[in-house]
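Residue-level structure breakdown
Chain by chain, the residues run as shown.
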Number of protein chains: 2
Amino acid sequence: MRAEIISIGDELLIGQVINTNQAYIAEQLSGVGVAVARMTTVGDEEESILKAFEHALERHEIVIVTGGLGPTHDDITRKAVCKFFQTDLVVNEEALERVRQFFARRGLAPRKINEDQALVPRGCTVIRNLQGTAPGYLFERQGKYFIAMPGVPFEMKAMVQSFVVPFFAQRASGIVIRHRTLKTTGIGESFLAEQIGDVHKIFSPDSGIALAFLPSPLGTRLRISVRAVSLNDANEKIQSVEERIRARASKYIYGADGEELEEVVGRLLSKRKLTLSVAESCTGGLIADKITNVPGSSNYFERGVIAYSNQSKVEELAVPLVLIQDHGAVSREVAEAMAVGVRMKSSTDIGVSTTGIAGPSGGTPEKPVGLVWIGYSDAHDTLALHFNFGDDRRRVKERASQAALELVRRRLLKIDY
Amino acid sequence: MRAEIISIGDELLIGQVINTNQAYIAEQLSGVGVAVARMTTVGDEEESILKAFEHALERHEIVIVTGGLGPTHDDITRKAVCKFFQTDLVVNEEALERVRQFFARRGLAPRKINEDQALVPRGCTVIRNLQGTAPGYLFERQGKYFIAMPGVPFEMKAMVQSFVVPFFAQRASGIVIRHRTLKTTGIGESFLAEQIGDVHKIFSPDSGIALAFLPSPLGTRLRISVRAVSLNDANEKIQSVEERIRARASKYIYGADGEELEEVVGRLLSKRKLTLSVAESCTGGLIADKITNVPGSSNYFERGVIAYSNQSKVEELAVPLVLIQDHGAVSREVAEAMAVGVRMKSSTDIGVSTTGIAGPSGGTPEKPVGLVWIGYSDAHDTLALHFNFGDDRRRVKERASQAALELVRRRLLKIDY
């Protein structure tokens, strides 16, 4: 079964909002064997919406629509759905009850525009909204499926999990499509391609195996895609390709699929019962933010210091002032002293640090914007590495945070640079 | 002029990558009066790509394509462009020189696949890639414009800034479309709508003025859109609408357009020559990360402490252990003590703190997941507010960081809750 995802909203067309819904829905559908063949975005304008519905249902068996089901006047999707399926609105008692409960739990009284959310197109199957007040709708017509959901990401996600995924999992067809992504960091796309060898020859289109290189500031991902007649067959194909890639590029691969580097590092620390502390200057809290995004990180993450000023480096991390005076705050010596300092004060097993020039100003010919020193210290070793992460402030922070986590991973696994 | 944006890449269709390019391009085009009417995403598959090109050029005057121009085998857009415009590839000497320089600057030798990036479709206008090696292409046919660029966001963005924006700015037509977005936080969408009043009546479609409500975990944005015959006329319309909205909901509005709350707070601090420090528990560094995303934040942001463990709250922030024992780490008393502690140790004017239960575990009936106390302290006042931010770990962190920054803004401007 092939699907088209349609997003509705002027905010998307003027670029005010980044569309995260399409990727989420695509990933979830892909997981139950539904291939997304196309994604379309149109504005809050009835004619465009109706045309998009029509074309999508012509081309594909499944159409998933999000956006424009909210309570305010600019939400016109529901009206368009009624027109498209030539139906009108009826009150859904369960949805009305949910609206009332939703507001009662917050100690508030629903407005008329909130209660109107319980009006649904006659003849649809109502999809419950577990996180908000606007229900979703399912229409089945001539063996094709049309689903409309609100565009608020967490409301939509809850509907996808509770309804859409199980619904299509039951209806999946014979061909199995599976993807697996190996995530690398610290190596450029073309060097990684060279390391792996001639992928054209290794993976012919006839074999049902494809390999894609997906670069990003955090590293290049390698996506293996296979088509097979059974799940077993698909898994075997993926495994054999993965082994060949790992044999050639294993040191750069930190994880697979949705796994983030901070989860991998967290798991390594947990398994070895080690604790970590961080001392951040140029990354400004981003390393700690990433680490604490992982549930259970309080088991191994003890504390962090964001030592933005020189004074705070001296006071918080016991960096000798003379080191800063002699070598500058952005130097091997200071990076190492910061890592040692945070490790000692927090009594953790490992300390990691960053000091660099995130820009846009502050660079010099010797120490340009983008220069970052990353320090590491444990009971046996203290060291620092330097990198140049380019001239975009946010990207410098992102790449430096990733490199700091990667340094911890490589030290834990004894992988050299 | 109306445009369609086409993104190419299997990674988008399987939901592996969130498409940020479409929003960026749309925003930039919108700024020079080009309305994006549709966005389409297709996979790395020649037939879909050719069909998408054909339909887009039928429907709109401008077609902007991104993705699939990289060096590896899965990048097939260039071939599709050649086929579509019935042309072949030629070496572009300037692009070849850029590839060589690009690698020389990094102390590396280009591979053959890198040098092949200098091959461009015959007959196109080459768009320089200032950040990478794959050039972009422009074709003009019968008064319509077709542009292809790489999908790597920062390479594409540099091309949009250096070429696409100035190119279309010169060709813009008579009707002016302008948007302005007022950003609010701390109030739900339907309550904000009620506060503002009946927007149907205030803004009729005939007036060329539209108002949209855009909810997100960080707050609801209000987008005013106007169509007018001149820039002056557009600006006047926007100003009059903005004044009406501000008269009804000013306390919730922290900024406009692309402005982030951390920039607004940073500007207020700079102007008043005040300094800030943060003590984060449940937000885990995210507040500091946001603050330090702003260039120049080192002028007012002194340091941050991520006090994840109870011990670190006591050691780093001088929170009396007895407070934690009597009230728990997630309490008004501890939030206030953290804010005072970080302010005192860093000698800043303001200290702000968070302590809460980000989940997924750790909640109790009295202190459920999502409960967050936010503390504030300056020379005159110390206080804490509590919120419930729901049950998604990342969303709790996001919303708590926003609420902490908003608390600083409201205290600085003496706006009550």
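What counts and how
- Residues numbered from 1 in each chain as written.
- Chains lettered and ligands numbered in written order.
- Predicted model: local features only at pLDDT ≥ 70, side-chain atom pairs only at ≥ 80, totals over all residues.
- Contact = placed C-beta atoms within 7 Å.
- Nonpolar A, V, L, I, M, F, W, Y, C, P; charged D, E, K, R; others polar.
- Pairing = 2+ DSSP bridges.
- Helix = DSSP H or I, 4+ residues; strand = E, 2+ residues; numbered from the N terminus.
- Buried ≥ 20, exposed ≤ 12 C-beta atoms within 10 Å, placed from the backbone.
- Least-squares fit on C-alpha atoms with pLDDT ≥ 70 in both.
- Axes fitted to C-alpha atoms, helices over the stretch in contact; angles between N-to-C directions.
- Parallel < 35°, antiparallel > 145°, perpendicular 65-115°, else oblique.
- Core = buried A, V, L, I, M, F, W, Y, C linked by C-beta atoms within 7 Å.
- Domains from an automatic or database assignment.
- Expected span 1.5 Å × (residues − 1).
- Arc of directions from axis to C-beta.

1. Here we look at the interface of chain B and chain A
The partner chain A presents 72 residues to the 72 residues of chain B that form the contact. Across the side of chain B that touches chain A, the residue classes tally to 30 nonpolar, 25 polar and 17 charged. Across five bridges, the pairing between strand β14 (residues 301–307) of chain A and strand β14 (residues 301–307) of chain B is antiparallel. Among the inter-strand pairings, Gly304 of chain A is bridged to a residue of β14 of chain B, identified as Ile306 of chain B.

2. With respect to unusual backbone geometry
The omega angle of the peptide bond from Gly359 of chain A to Pro360 of chain A is 5°, so this bond is cis rather than trans. Relative to the elements of secondary structure, Pro360 of chain A occurs in the loop between β15 (350–356) and β16 (371–377). One non-glycine residue, Asp257 of chain B, lies in positive phi territory at about 50°. Along the chain, Asp257 of chain B falls in the loop between β12 (253–256) and α11 (261–271). On the basis of neighbour counts, which here come to 12 C-beta atoms within 10 Å, the residue Asp257 of chain B falls in the exposed class. Although it is not a glycine, Ala318 of chain B sits at a positive phi angle of roughly 55°. Tracing the chain through its elements places Ala318 of chain B in the loop between α13 (310–317) and α14 (321–327). According to the C-beta neighbour criterion, Ala318 of chain B is partly exposed, with 14 such atoms within 10 Å.

3. Section: the relation of the copies chain B and chain A
Note on the identical chains: chain B maps onto chain A by a rotation of 180° and an axial translation of 0.0 Å, with an RMSD of 0.1 Å. Expressed as an axis order, the relation between the two copies is that of a two-fold axis. By residue overlap, the copies meet face to face through one surface: 100% of the interface positions of chain B are interface positions in chain A.

4. Details of the sheet that holds strand β9 (residues 176–184) of chain B
All names here are of chain B. Spatially, β10-β11-β9-β12 is the arrangement adopted by the four strands of the open sheet, whose pairing is antiparallel. Each edge of the open sheet is held by one strand with a lone partner, namely β10 (209–214) and β12. Taken pair by pair, the neighbouring strands of this sheet meet at an average axis angle of 20°, ignoring direction. Pairing geometry for β9 and β12, over three bridges, is antiparallel. Counted as the bridge partner of Lys183 is Gly255 from β12.

5. Quick look at the packing of helix α8 (residues 189–196) of chain A against helix α10 (residues 231–249) of chain A
Residues and elements named next belong to chain A. α10 packs onto α8 with a crossing angle of 110° between their chain directions and a minimal axis gap of 8 Å. Overall, the two elements α8 and α10 adopt an arrangement that is roughly perpendicular. Contacts between α8 and α10 pair Leu192, Gln195 and Ile196 from the former with Ile245, Arg248 and Ala249 from the latter. Classifying every residue of the contact of α8 with α10 gives four nonpolar, one polar and one charged.

6. Details of the sheet that holds strand β3 (residues 62–66) of chain B
As summarised here, the arrangement of the twelve strands in space is β6(A)-β7(A)-β8(A)-β3(A)-β1(A)-β2(A)-β2(B)-β1(B)-β3(B)-β8(B)-β7(B)-β6(B), forming an open sheet in which the pairing is mixed. Each end of this open sheet is capped by a strand with a single partner; those strands are β6 (125–127) of chain A together with β6 (125–127) of chain B. Each neighbouring strand pair of the sheet contributes to a mean axis angle of 15°, computed without reference to strand direction. Note that β6 of chain B and strand β7 (residues 136–141) of chain B share three bridges and pair antiparallel. Bridge assignment links Ile127 of chain B to a residue of β7 of chain B, and that residue is Gly136 of chain B.

7. Re the nonpolar core
In terms of nonpolar packing, the biggest core is built from 102 residues, with Met338 of chain A together with Met338 of chain B touching the most fellow members. The contact partners of Met338 of chain B, leaving out residues within four places of it in the chain, are Ala279, Ala307, Lys313, Leu317, Val319, Ser353, Thr355 and Gly375 of chain B.

8. Considering the domain arrangement of chain A
Taken as a whole, chain A is organised into domain 1 (2–169), domain 2 (176–256) and domain 3 (262–412). Each of domain 1 of chain A and domain 3 of chain A has a C-alpha centre, and these two points are 44 Å apart.

9. Notes on α10 of chain A
All names here are of chain A. Between its first and last C-alpha atoms α10 spans 26 Å; for 19 residues at 1.5 Å apiece the expected length is 27 Å, and the two agree. Of the residues making up α10, those classed as buried are Ala234, Lys237, Val241, Ile245 and Ala249. When α10 is viewed along its axis, its buried side chains cluster within an angular range of 85° and face the same direction. Those residues of α10 that are exposed and angled more than 90 degrees off the buried face are Asn232, Gln239, Ser240, Glu243, Arg246 and Ala247. Check the buried side of α10 and you find it contacts β9 (176–184), α8, β10 (209–216), β11 (219–228) and β12 (253–256).

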